[in-house]
Amino acid sequence: MKKLKSFYHKVGLKQKFILAILITVIAVYIISFTYILESQRKININDALTISRREVLHNANKIESFLNYNMGVASGLVEVFRQYDQIPLSVRDSILSKSLYNALSSNPNYAGVFTSIQLSFSDKNWGEKPGRRSIVYFIDNNKIQREIKYKDVGGIKNLTSYHHVMKTKMASIANPYWSNYKGIKHLETTLSAPILVKNEFIGVVGIDIYLSQLKSQLEKIKPFGTGYAFLLSNNGIYVYHPDTTVIGDKSIDVNPDEEKIYNISPKIQKGESFEFDATLDGTKKKIIVFFSPIKVQGTTTPWSLGVLVRLDDVISESKKVIRDTIIVGLLGLIIILGILIFYSNKIFKSIKEISVFAEKLSNGDLNVKLESGNKDELGVMTSSLNIMSDRFRQMVLELKKSAKSISEFRESMEVISFGFNSMAINQRNNSEEVTKSVNEIAGKIGISVNNAVYSKEISGKAYQELELGITQANISTQTMKDIAKATIIISDITFLTNILALNAAIEASKAGVSGKSFGVIATEISRLADDSKKAAAKIEVLLQQGVTNSTDTGKIVNDLLPDMEKSLSLVSEIADLNEEQKFEIEKIKESVNKLNNFSHENESFAAVLLENVQVLDDLSKKLKEISDLFDV
């Protein structure tokens, strides 16, 4: 396989083209011829078999006609003997004998002609005892001889065809039998026709035939030169065979295996047409054997004509056709190869010119031209390639112009890109400074906002504490007033306590010694009442002073509260303004950041533009190099 691949890669396109077409044609030839030859072989075999069947049937009909003719002669004699009892006795024998004599003299090939009449019919005095009288005419020394015989007298000893006809009342062809005439053995058969009077059997008319007379006809049957025919009787006896040693023998004894396998004798007895394939023992060659029945009119024991055909002989004609077909195919292949080489040379000459053209074109020579006056596909291809070369030339010219234009455009773009890059850098620097300033302002405003918010919170808290202080002062004043009212009650209690102590002292003095201790208590109560009175007076003074102070403090705080409320409102307004200022400065900051990002993007775009200008410069140089490769 590797050698084949190596060879394939080494050979030229022309050889590959011829080899590919040749292999394809050979493959198609082989497949087609194989199919055709096999089909032809089958057709030849079928035709040969059909011819063989027809030949077998034709010769069987000829033998059948021969036997039926002789059976017709016997049937004609029957009509004479059927009038046996109506012929006057004086002339009866002479008339019947003359009929037999005339039949034999007209057919000298007969072995004999005879009639056999039941004695019970011909002799009224015979009775019903068995016996028959036979008159036989035969040829001896070229003369017709007559012989009268009496048979079955005293009883039937041997059953013959006569007894078969007597039993069936039908015509009969006897199984072949050997006869000896002057030391010469002859195979004969007898055609017997019954003589019936009012459907009563009275005897037979028979004709003895030498079967050897069929030899000349049968030995001519040689299908395809080497085949042969043979004739079998109803009981399977060989009537004729090229091998004379088997004549008179039974097929079942000669061919026991075939008889067993193909059931030959029973099929012959049934009068069937059949065939089978077999193999010859000696040569192992295949054969086909055909059988066609031979039916004699009025009989029930058909014979059969067999024909053996050798399959090699059948297909010999097919082999000849195959040989002739192969020779014709080889001649056609040689012619195709010659035509293929002729046209391939013509085609590949143009292809070679085209390849040279393509090579020069690939080397940049656009002035190359192809010359061809052909109007076929190659001529069209040549014209197309010339047009392609012209168009390439125009394209290269345009390419050079484009390269020059691109170079000039690149120089302009380079100047613009450098200016744009400087502007982008300046814009970026300015935007960074603005961004920095805005960020500082935003930071300060943020601190201011935070302080304002904190001041707002402190003012609100102080305002709330002032309100709470006023409330507490009012509560303290009220509490002091309530305590003042309580001191009045205490004074009243002190007054009553003094009165009670006085009464107690009086009562103690009245009681004497027993009321002494009670007097001490009264004294203490009196002293406690004085102390309570002093304390209540002192509390009252302090309460008056506290109420005065609380009232003054509440007044001062009340006077301060509107100012604190106004201050809280101003602080809240400042905080709100700072919040709005912070929101606006954030928006300014965001816009400045976007502007800064945009300036960076412009700077990047300027850098990319410079890179593209460089790429465009490289491209213009490559285009110039490419266009310089072509010679226009």
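What counts and what doesn't
- Positions within a chain are numbered from 1, following the residues in the order the chain's sequence is written.
- In view of the model being predicted, local features appear only for residues whose pLDDT reaches at least 70, and side-chain atom pairs are presented and counted only at 80 or more, with totals across whole chains, interfaces and linings using the full set of residues.
- By convention in this description, side-chain values take in all heavy atoms of the structure and omit both hydrogens and water.
- Each helix is a run of H or I in the DSSP string that is no shorter than four residues. Each strand is a run of E no shorter than two, and both are numbered from the N terminus.
- Between buried and exposed lies partly exposed: a residue is buried under 20% and exposed over 50% of the maximum accessible area for its type, with that area taken using a 1.4 Å probe on protein chains only.
- Residues count as neighbours in contact if any of their non-hydrogen atoms are within 4.5 Å of one another.
- For every accessible area listed, the method is Shrake-Rupley and the probe measures 1.4 Å; residues are considered covered only by the protein chains on display.
- Two strands qualify as a pair provided that DSSP identifies no fewer than 2 bridges between them.
- Note on aromatic pairs: the rings of Phe, Tyr and Trp (six-membered ring only in Trp) are paired at centre separations within 6.5 Å, and the planes decide the class, stacked below 30 degrees, edge-to-face beyond 60, tilted for the rest.
- Put simply, a charge is over a ring when the Lys NZ or the Arg CZ is close to the ring centre, within 6 Å, and near the line of the ring normal, within 35 degrees.
- Per residue, pLDDT captures the predictor's confidence, and it can take any value from 0 to 100.
- The rule for a salt bridge is simple: a side-chain nitrogen of Lys or Arg has to be within 4 Å of a carboxyl oxygen of Asp or Glu.
- Note on method: axes are straight lines fitted to C-alpha atoms, helices fitted across the in-contact stretch only, with angles between N-to-C directions ranging 0 to 180 degrees.
- Regarding the arc, it is the one traced by the directions from the helix axis to the C-beta atoms.

### Quick look at the overall build of the chain
In step 1: Per the secondary structure count, the chain includes 13 helices and 12 strands.
In step 2: Within the chain, buried positions represent 35% of all 632 residues.
In step 3: For the chain, the proportion of contacts with a sequence separation of at least 24, taken over those separated by at least 6, is 63%.
In step 4: Surface summary for the chain: the accessible area is close to 39,200 Å², and the carbon and sulfur share equals 59%.

### With respect to the environment of Ile-499
In step 1: Residue placement: Ile-499 occurs in helix α12 (residues 377–511).
In step 2: Note on Ile-499: relative accessible area 35%, which makes it partly exposed.
In step 3: Linking Ile-499 and Ser-526, residues 27 residues apart in sequence, is a C-alpha distance of 8.4 Å.

### Quick notes on the pairing of strand β12 (residues 303–310)
In step 1: Among the 8 residues that make up β12, 7 are buried, leaving the element largely enclosed by the rest of the structure.
In step 2: When strand β8 (residues 228–232) meets β12, the two strands line up antiparallel, connected through 5 bridges. Opposite Tyr-228, over in β12, you have Leu-308 as the bridge partner.
In step 3: Summarising the sheet, strand β11 (residues 286–294) and β12 pair through 8 bridges and their orientation is antiparallel. Paired with Pro-293 across the two strands is Ser-304, which belongs to β12.

### Brief notes about the packing of aromatic side chains
In step 1: Across all of its chains, the model carries 8 aromatic pairs by this definition.
In step 2: A ring pair is formed by Tyr-262 and Phe-276, whose centres lie 3.9 Å apart and whose planes are at 10°; its orientation type is stacked. A residue pair is termed long-range when its members are at least 10 positions apart, and Tyr-262 in helix α8 (residues 256–262) and Phe-276 in strand β10 (residues 274–279) qualify at 14 residues.
In step 3: Taken together through their ring pairs, the aromatic side chains of Tyr-228, Phe-230, Tyr-238, Tyr-262, Phe-274, Phe-276 and Phe-291 make up a single cluster.
In step 4: Positioned above the aromatic ring of Trp-126 is the side chain of Lys-129, whose terminal nitrogen or guanidinium carbon lies 4.6 Å from the ring centre.
In step 5: Taking NZ or CZ as reference, Lys-267 lies 5.0 Å from the ring centre of Phe-274, over its face.

### As for the confidence of the model for the chain
In step 1: Summary statistics for the chain give a mean pLDDT of 78 and a share of 70% for residues scoring 70 or more.
In step 2: Within the chain, no element has a lower average pLDDT than helix α1 (residues 2–10), which sits at 57, and none a higher one than strand β9 (residues 238–240), at 96.

### Re the pattern of salt bridges
In step 1: Enumeration over the complete set of coordinates arrives at 3 salt bridges.
In step 2: With its nearest N and O atoms 2.8 Å apart, the salt bridge here joins Arg-53 to Glu-275. On the criterion of sequence distance, the pair formed by Arg-53 in helix α2 (residues 13–81) and Glu-275 in strand β10 is long-range, its members being 222 residues apart.
In step 3: The class of Arg-53 is partly exposed, set by a relative accessible area of 36%.
In step 4: The partner of Asp-152 in a salt bridge is Arg-132, with the nearest N and O atoms 2.8 Å apart. Taken together, the positions of Asp-152 in the loop between β3 (143–151) and α5 (161–168) and Arg-132 in strand β2 (residues 132–140) put the pair 20 residues apart, joining distant regions of the chain. For the pair formed by Asp-152 and Arg-132, the shared burial category is buried.

### A word on unusual backbone geometry
In step 1: Even without being glycine, Asn-142 reaches a positive phi, approximately 65°.
In step 2: The topology assignment puts Asn-142 in the loop between β2 and β3.
In step 3: For Asn-142, a relative accessible area of 78% gives the class exposed.

### Points about the sheet that holds β11
Strand pairing in a sheet relies on backbone hydrogen bonds. The paired strands run either parallel or antiparallel.
In step 1: If you walk across this open sheet you meet the 5 strands as β9-β8-β12-β11-β10, and the pairing is antiparallel. Among the strands making up the open sheet, the edge pair consists of β9 and β10. Pairs of neighbouring strands in the sheet enclose a mean axial angle of 30°, with direction left out of account.

### Some points on α5
In step 1: All buried positions along α5 are accounted for by Tyr-162, His-163 and Val-165. Here the buried residues of α5 occupy an arc of 160° about the axis, which is enough to place them on one side.
In step 2: Considering only its buried residues, α5 is in contact with β1 (110–118), β2, β4 (172–173), β6 (184–197) and β7 (200–210).

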